[in-house]
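A closer look at the structure
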Amino acid sequence: MSDIRSAAHADAQAPHPDGFATHKFGGSSLADAGCFRRVAAILREQPGARQMAIVSAMRATTDALIALADAAVRRDPVWKANWQTLRDRHLIAAHDLLDAKVAKTADWLEQGFVQLANLLNALEVLGTPNHEALESIQGLGEVWSARMLADFLTHQGIDCACLDARDVLVVSHGELGAIIDWNDSAARLANWRTRHTNAWLVVTGFVARTASGRATVLGRNGSDYSAAIFASLANASELTLWGDTDGVLSADPRLVPDAIPLASLSYDEACELAYFGAKVIHPQTLTPVIARGMPVRIRNTFNPDHPGTRIGNDDASAAISPPVKGISAVRDLAVITLEGAGMIGVPGTAERAFGALHSASVSVVMISQGSSEHSICCVVRESDAATAEFALRRAFSSELARAEIHSVGVAGGISVLAVVGDGMAGTPGVAARLFGALARTHVNIRAIAQGASERNISVAIASADAARALRSVHAAFWLSPQTVSIGLIGPGNVGASLLQMIETARLRLLEDIQLDLRLRAVASSRTMWLGEAADASNWKSAQTRDIDLDAFARHVQVEHLPHAIIIDCSASDAVAERYAGWLAAGIHIVTPNKQAGAGPSARWHAIRAATAGGARFRYEATVGAGLPVISTLRDLLDTGDEMFAVDGIFSGTLAWLFNRYDGLLPFSDLVREAHDLGYTEPDPRDDLSGTDVARKLVILAREAGVELELGDVVVQSLVPESLRALPTAEFMQRVGELDDAMASRHAAAKSHGHVLRYVAKLDREGHAQVGLVELPDDHGFAHLRLTDNIVQFTTRRYRDNPLVVQGPGAGPEVTAAGVFADLLRVAAALGARL
């Protein structure tokens, strides 16, 4: 970019204003008079007697000046009113700063704005842009702000001078940007200092002069570059860039609100992050300071007590830094692909391709080529995509005509996500974690690039996925919490208990394991609440709308959050019907709803197939509430065991009823009590009919690889035919009609020394049955705690002494705990540090 090494020669030739503490203040730091006062206060608090401040224009001034010139060229009279607005803004700030001593500064500003008006009038007459005039106009904002700050410091009794960089800094312009004439600039600065021996200097950023004496500018972010240049010329020990952030952040906070300030970066890390979109610093800024090994500190004008980010190569903490420091993303790109068998083994193909792009003035952001040499792809600005395609088609027209090259492809809507960190070098698993995080959020990778330094891995992805991908990757490297967007369906007994558990544990999970669970939607059978996590505690009293499961899912799977989970605590078959589609879309599902696992086998297989894309489906609580029944069976089978039989009491409701029923209290009274306690399904007939137990048996059978439909299970219902079709409320009124039959069954069992238990059985041939049976008083199922479930697995390993899982199997809290455990298992699979 420029020959910094020549500056070393200049050091020997001319004296430097050694000892200056060098600072640069950006436009946001100089937005108004209050900001000027804050900057002056910051400078007064800095150690050392000599301060140098390089300044940008007041906020938005450069854009306003460019717009004025553009309007004048177009002969749009609006420029005159806008000129007046800009003039008034500067004069108001000057009067606010300098009070009675403003006259000299105000007169100087008035003259400057008159000169600007004259330039604009000339452009209006010409009606065509004039490069020299435009460059002169662009840099006026820095000239004005520097004079205003210098006069304010002088007004406060500080020995301060204003240095117009156009009097010192000499540059030429090349293909890579401004080229500094270090020797001439150093000599001019030394000469200027012989006439201005002030202790403090305020320097105009952004502006310079050519060797022929014409005013010019350093380009966008030129004030930072000016600061680095003057820090180098002044032989400063450190350069501080003051802005409106607490240093360099680990990601763009607009996309990743949990982005964290980085304490330190190496020069290389800073360059990589800056190139791939970090706005705090421009790569060009670092060129002069790298040559001198000068550290740069990024600090916040509005939070000056924060230490900010230190950029340099001598940071002792680098050895203990995480492998990845930051993640950046660049949008508005396109992938250009050159493909064909004729490229294989042909030297010079890449040179021709990139030579053609260079000739067309197309800048390449990223390059990727497979080892087969069958294709080369590169990423360019989307605005350059058509130019790039035309250039490549022209360069390879002969090969395209002979079909040696098959195609030149263009795909727009691309973003490049870059993971950056010196610690990545030699650290296994970094790429795997990156790709895993993208896969878990269903983000497809179009192209990959990594340099031999291993400091950067870049991937090209669809821009529509960029925000979600950035948040997922940021969390995967533990730079921010794993954030999960949650929607809950069915806020009844179990759902309400679960919401309470999540709310109670939320802060602990966030602090201890960096897991951020955000409840953003709740749906009942008729209405739903859609909102943000901050309002979730008041969802019951918030405004709701009619249930719309499509809108519900869209809200849960919001673009800016990396992970989405729908928790279905309903008993709805219609909701279960949505599972496959949600899973295919990348939404994870956690549920105690048995409709999916025990519904039609075609739907069950579709749900399982939909998880192939990476979405998780957890349903442990469908059998045994919080007991590890399904996971135990899964572990047995996955380790090579063979299932012979499953027996058990699968209903905590029926277990409670028959553990309590002694023939003295009417059976119907116990049913009502169980319903009131929340032990039964919303309609107790789902328990009493045996259907709920049959569903659980089907779920276990399918888990064991047995193709079983609910209709294949022989079910003994405890509900007489006359009560089966009634509305729930009417059934509850007539539930006493169960009492006589149940009393007779109990008396018969008791006369044999037996007890009644509702038992499920599945054998190795797939024969399944559930029903009320008499068991000897010494049977293992005869003496359970009130709501205990018990599941007995007879397998090849556990043939003589079956494996038993036993514990509470009913109640909202127990079931909710099982669902919560599944939720945390999904979070762990997504990268949470459980």
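Residues numbered from 1 in each chain as written. Predicted model: local features only at pLDDT ≥ 70, side-chain atom pairs only at ≥ 80, totals over all residues. Heavy atoms only, no water.

Details of the overall build of the chain
Looking only at helices and strands, the chain has 30 helices and 31 strands in total. Expressed as a percentage of the 834 residues in the chain, the buried residues total 53%. Charge separation in the chain, taken as the distance between the mean sites of 75 positive and 94 negative side-chain charges, equals 4 Å. (Helix = DSSP H or I, 4+ residues; strand = E, 2+ residues; numbered from the N terminus. Buried < 20%, exposed > 50% of the residue type's maximum accessible area, 1.4 Å probe, protein only. Lys, Arg positive; Asp, Glu negative; His and termini not counted. Charge placed at Lys NZ, Arg CZ, Asp CG, Glu CD.)

Observations regarding the nonpolar core
Trp582, Leu657 and Leu688 are the most contacted members of the largest nonpolar core, which totals 77 residues. With seven residues, the single largest contributor to this core is helix α27 (residues 691-703). In this structure leucine 688 touches Leu654, Leu657, Phe667, Val671, Ser717, Leu718, Val719, Phe731 and Leu738, once residues within four positions along its chain are discounted. With 49 residues, the next largest nonpolar core counts Val171, Ala274, Val296 and Ala418 among its residues. (Core = buried A, V, L, I, M, F, W, Y, C linked by side-chain atoms within 4.5 Å. Contact = heavy atoms within 4.5 Å.)

As for the pairing of strand β20 (residues 515-523)
Most of β20 is tucked away, with nine of its nine residues classed as buried. With helix α17 (residues 493-513) bridging strand β19 (residues 482-489) and the parallel β20, this β-α-β connection has right-handed handedness. Joining the antiparallel neighbours β20 and strand β21 (residues 527-530) is a turn of three residues. (Right-handed = clockwise from strand over helix to strand, strands pointing away. Pairing = 2+ DSSP bridges.)

Some words on unusual backbone geometry
For serine 361, which is not a glycine, the phi torsion comes out positive at approximately 60°. The class of serine 361 is exposed, set by a relative accessible area of 65%. Of note, alanine 403 is a non-glycine position whose phi angle comes to about 65°, a positive value. Assignment of secondary structure puts alanine 403 in the loop between α14 (397-401) and β16 (407-420).

A word on helix α6 (residues 131-138)
Residues Ala133, Glu135 and Ile137 constitute the buried set of α6. Against α3 (61-73), α5 (103-126), α7 (140-155), β4 (171-174) and β8 (215-217) lie the buried residues of α6. For α6, the capping residue at the N-terminal end is asparagine 130, with a side-chain oxygen 3.2 Å from the backbone nitrogen of glutamate 132. (Polar contact = N/O pair within 3.5 Å; in protein donor to acceptor, adjacent residues only side chain to side chain.)

Looking at the sheet that holds strand β23 (residues 563-568)
Backbone-to-backbone hydrogen bonds join strands into a sheet, with any given pair of strands oriented parallel or antiparallel. Taken in spatial order, the seven strands line up as β22-β21-β20-β19-β23-β24-β25 in an open sheet, and their pairing is mixed. Either end of the sheet is taken by a strand with one partner, and the two such strands are β22 (545-546) and β25 (617-618). Summarising the sheet, strand β24 (residues 588-590) and β25 pair through two bridges and their orientation is parallel. Pairing of isoleucine 589 across the sheet is with phenylalanine 617, part of β25.

Observations regarding the side chain of arginine 297
The residue arginine 297 is located in strand β11 (residues 296-300) in this model. Among the polar contacts listed, one links the side chain of arginine 297 to the backbone oxygen of proline 307, at a separation of 3.3 Å. Excluding anything up to four places from it in sequence, arginine 297 contacts Glu238, Leu239, Thr240, Leu241, Pro307, Gly308, Thr309 and Arg310.

Some remarks on the packing of aromatic side chains
Inspection of every chain in the model, using the stated rule, returns 11 aromatic pairs. Ring centres of phenylalanine 617 and tyrosine 619 lie 4.8 Å apart, and the angle between their planes is 35°; this geometry places the pair in the tilted category. Among the aromatic residues, those joined into a cluster by ring pairs are Tyr579, Trp582, Trp604, Phe617 and Tyr619. Over the ring of phenylalanine 20 we find arginine 50, and its NZ or CZ is 4.7 Å from the ring centre. (Phe/Tyr/Trp six-rings, centres within 6.5 Å; stacked < 30°, edge-to-face > 60°. Lys NZ or Arg CZ within 6 Å of the ring centre and 35° of its normal.)

Re the pattern of salt bridges
Pairing between side chains of opposite charge can happen when the charged atoms of each approach one another. All told, the structure shown has 43 salt bridges when counted by the stated rule. A salt bridge links glutamate 135 to arginine 214; the shortest N-O distance between them is 2.9 Å. Of the two residues, glutamate 135 sits in helix α6 while arginine 214 sits in the loop between β7 (207-209) and β8, which places them 79 residues apart along the sequence. One salt bridge in this structure joins arginine 455 and aspartate 268, with 3.2 Å as the shortest N-O distance. Taken together, the residues span a long stretch of sequence, with arginine 455 in the loop between β17 (445-450) and β18 (456-462) and aspartate 268 in helix α10 (residues 267-275) at a distance of 187 residues. (Salt bridge = Lys/Arg side-chain N within 4 Å of Asp/Glu carboxyl O.)

Details of the environment of isoleucine 790
Among the secondary structure elements, isoleucine 790 is positioned in strand β30 (residues 788-795). As a C-alpha pair, isoleucine 790 and valine 804 span 14 residues in sequence and 6.8 Å in three-dimensional space. When sequence neighbours within four positions are dropped, the list of residues in contact with isoleucine 790 reads Asp647, Gly648, Ile649, Phe650, Gly780, Phe781, Leu784, Val804, Val805 and Gln806.

Re the state of the cysteines
Should the sulfur atoms of two cysteines be covalently bonded, the bond is a disulfide. Using the criterion set out here, one finds zero disulfides in the structure. Summary of cysteine pairing: cysteine 162 is not part of a disulfide, and the nearest cysteine sulfur, belonging to cysteine 160, is at 7.5 Å. (Disulfide = S-S within 2.5 Å.)

Things to note about the confidence of the model for the chain
A low pLDDT means the predicted coordinates there should not be read in detail. Confidence in the prediction for the chain averages 90 pLDDT; 96% of positions are at 70 or higher. Ignoring residues within four places in sequence, the model shows residues 1-17, a span with pLDDT below 50, making 38 contacts including any to other chains. (pLDDT = per-residue confidence, 0-100.)

Remarks on helix α22 (residues 601-610)
For α22, the set of buried residues is Ser601, Arg603, Trp604, Ile607 and Ala610. Residues of α22 that are buried in the fold lie against α19 (573-576), α20 (579-584), α21 (594-598), β25 and α27.

Describing the sheet that holds strand β9 (residues 239-243)
Spatially, the eight strands line up as an open sheet ordered β3-β6-β2-β1-β9-β11-β12-β10, and their pairing is mixed. On the outer flanks of this sheet lie β3 (160-163) and β10 (264-265), each paired with one strand and no other. This element, helix α2 (residues 33-44), spans β1 (21-25), β2 (51-55), β6 (200-204) and β9 of the sheet and lies at about 165° to β1. (Axes fitted to C-alpha atoms, helices over the stretch in contact; angles between N-to-C directions.)

Describing the packing of helix α24 (residues 652-660) against helix α25 (residues 667-677)
Packing of α24 against α25 brings their axes to within 10 Å, and their N-to-C directions diverge by 140°. In terms of their interaxial angle, α24 and α25 are classed as oblique. Relative to α25, the crossing made by α24 is right-handed. From α24, Trp656, Leu657, Phe658 and Arg660 reach across to α25, where they touch Phe667, Leu670, Val671, Glu673, Ala674 and Leu677. (Parallel < 35°, antiparallel > 145°, perpendicular 65-115°, else oblique. Left-handed = near helix turned anticlockwise from the far one by under 90°.)

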